[in-house]
Amino acid sequence: MFSSSQQEKMSLSASRFLWPKTVFGRRIFVVIIILVTLFLYVAWCVVDVLDLSHGFGTTDMLKRYTQDDIGLNEQLKFVCEENFQDTRLYMQDKRQEDWKNLSMIYFVTPTYPRKEQIPELLRLGYTLQHVPRLHWIVANDLSSCNPYLSTFLYRFHIPFTHLSSPMPSQFNNAKAKPRGVSNRRAAMEWLRSCNITSGILYFGDDDNTYDLKLFQEIRDTKRVSMFPVGLIANYGISGPVVRKGKVVGFLDSWVAGRRWPVDMAGFAVNLAFMTEHPNASMPFVPGYEEDYFLRSLALKLDMIEPKGNNCTEVLVWHTQTKNHELTTVQISHEYLDNRSNLGLLFESLSNMGVAKASDRGGERHYYISFRHA
C-alpha cells in the first residue's frame, strides 16, 4: 500500500508525463484540446438541431414513435355522433352572436367506461356550457359507439363530436397502459380529416377542474401556450418557470429525462401551427405522451407563451375521483317492473355504467329490505 504522500507524488509525476516538455509541444497540446472541445460542441449543436427539427433525438426515434404506430388506432376510430349546432342563447350574460369573432376552442376529452364516467362528464359539460365558441370532442375508449353517451352530450346544447377510439388490443395486458393516447390521436385525426386548420387545441381530461378564465387565456395562443396545473404529484404543482415574461425552465416532481416535463392539461396549441407539422403525433409510451407530442411540433423554448399572469395563477386542477367497481344490486323482480321506480332507475344506471340490478344476484350481492304499506 502507498502512503498519501507517495500517491500524490505518483499523480504529479503522471501529470508531468502527459504535459509536453517543450514550449512548441505545449502549444500543440493546447491547440489539440481546443479543437477537440470545439468538435464536441459542434457535434452537440448538430444533434440538438436534429432534435428540434424532427421533434425527437434521431430519425429512428421519429419513425418508431410516429410512422410505425401511425395506424394503430386511427383504423379503429369511429365517428359515433356529430353536432355542429350551438343552441345556447346566452353565455356569460352575453348573447351567442356577441362571441362570433372569437377563435374556436377544440376541447378534447379522452374518456373510458367506468362508474364515474357520466358524473364526471356531467360536471365537465356544465362547465363547458359557459364557454363560448367551443367544440367538445369526446373520445371514448370503447370498441363500439355508446348510444347513451351520444344522447347524453346533446343536453349541454354545445357543438360536439363523439368518437369511439379504443386502445389498441396489444396494450390491454401491459403493466403500464397508455391511457388516453388512442383517444387524443383519434381526435387529432378527426381534425385533420375535417381539414380544420384554425382554432385552439386543448386536451382536457374529464376528471379535471377548470377555471373559466383558462379559456379566455388560451384563446389567443399563437403557437403553444403553457400554464401551471395544480395537484400534480409530490410538489402539488407542475408548470413553467418564467423570468421577465419568458419561459426559462419547468417545475415538476417527475422529470425522468423529459425535455418538456409538463402535464397534459398544462398547454394549448394553435391548430395553424400544428398544421405546419403534419406528422405531429402522440406515442403509446406511458409518461412521455406530452413530451414527445411537443417534440413532434419542433417546439423551442422561446416559442412558449406563458399564460395565467405569467404562470402565477392556477387555472386548472388535476383532481381525480377514486374509481369504484361496478356493482350488481340484488332486488326482487317485483320491484324492477312498473310497480316501483327501481326498474327505470336501474335501467338508467346500467346505461351509465354505474350499477346493475338483478333478481338473481351477481358477483356482489346486496339485499334491500322493504316495508310493505
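Located above this text is the structure these notes cover.
Residues numbered from 1 in each chain as written. Predicted model: local features only at pLDDT ≥ 70, side-chain atom pairs only at ≥ 80, totals over all residues. Heavy atoms only, no water.

J.: Would you explain the state of the cysteines in this entry?
T.: Note: disulfide means a covalent bond formed between the sulfur atoms of two cysteine side chains. Scanning all chains against the criterion turns up one disulfide. With its sulfur 2.1 Å from that of its partner, Cys80 forms a disulfide with Cys145. In this structure, the disulfide formed by Cys80 and Cys145 twists by about -85° around the S-S bond and is classed as left-handed. One end of the pair, Cys80, is in strand 1 (residues 78-83); the other, Cys145, is in the loop between strand 5 (134-140) and helix 5 (147-153), with 65 residues separating them in the sequence. Using a relative accessible area of 17% as the deciding quantity, one classes Cys80 as buried. With relative accessibility at 35%, the residue Cys145 sits in the partly exposed group. (Disulfide = S-S within 2.5 Å. Helix = DSSP H or I, 4+ residues; strand = E, 2+ residues; numbered from the N terminus. Buried < 20%, exposed > 50% of the residue type's maximum accessible area, 1.4 Å probe, protein only.)

J.: Explain the side chain of Arg185 to me, please; I cannot follow it from the model alone.
T.: Looking at the secondary structure, you find Arg185 in helix 6 (residues 181-193). A polar contact of 2.8 Å, which involves the side chain of Arg185, links it to the backbone oxygen of Met282. (Polar contact = N/O pair within 3.5 Å; in protein donor to acceptor, adjacent residues only side chain to side chain.)

J.: Explanation requested: the packing of aromatic side chains in the structure shown.
T.: What describes a pair of aromatic rings is the distance from one ring centre to the other and the angle between the planes of the rings. The final tally for this structure, using the stated rule, is 19 aromatic pairs. With 6.4 Å between their ring centres and 20° between their planes, Tyr148 and Phe152 make a pair best called stacked. Taken as a pair, Tyr148 and Phe152 lie in helix 5 at a separation of four residues, close to a single helical turn. Taking the centre distance of 5.8 Å and the plane angle of 85° together, the rings of Phe250 and Trp260 count as edge-to-face. Within this pair, whereas Phe250 is found in strand 12 (residues 246-251), its partner Trp260 is found in the loop between strand 12 and strand 13 (267-270), the two being separated by ten residues in sequence. In this structure Phe250 comes out as partly exposed when scored by relative accessible area, which is 21%. The exposure class assigned to Trp260 is buried, which follows from its relative accessible area of 4%. Sitting over the ring of Tyr112, Arg114 keeps its end group 4.3 Å from the ring centre. (Phe/Tyr/Trp six-rings, centres within 6.5 Å; stacked < 30°, edge-to-face > 60°. Lys NZ or Arg CZ within 6 Å of the ring centre and 35° of its normal.)

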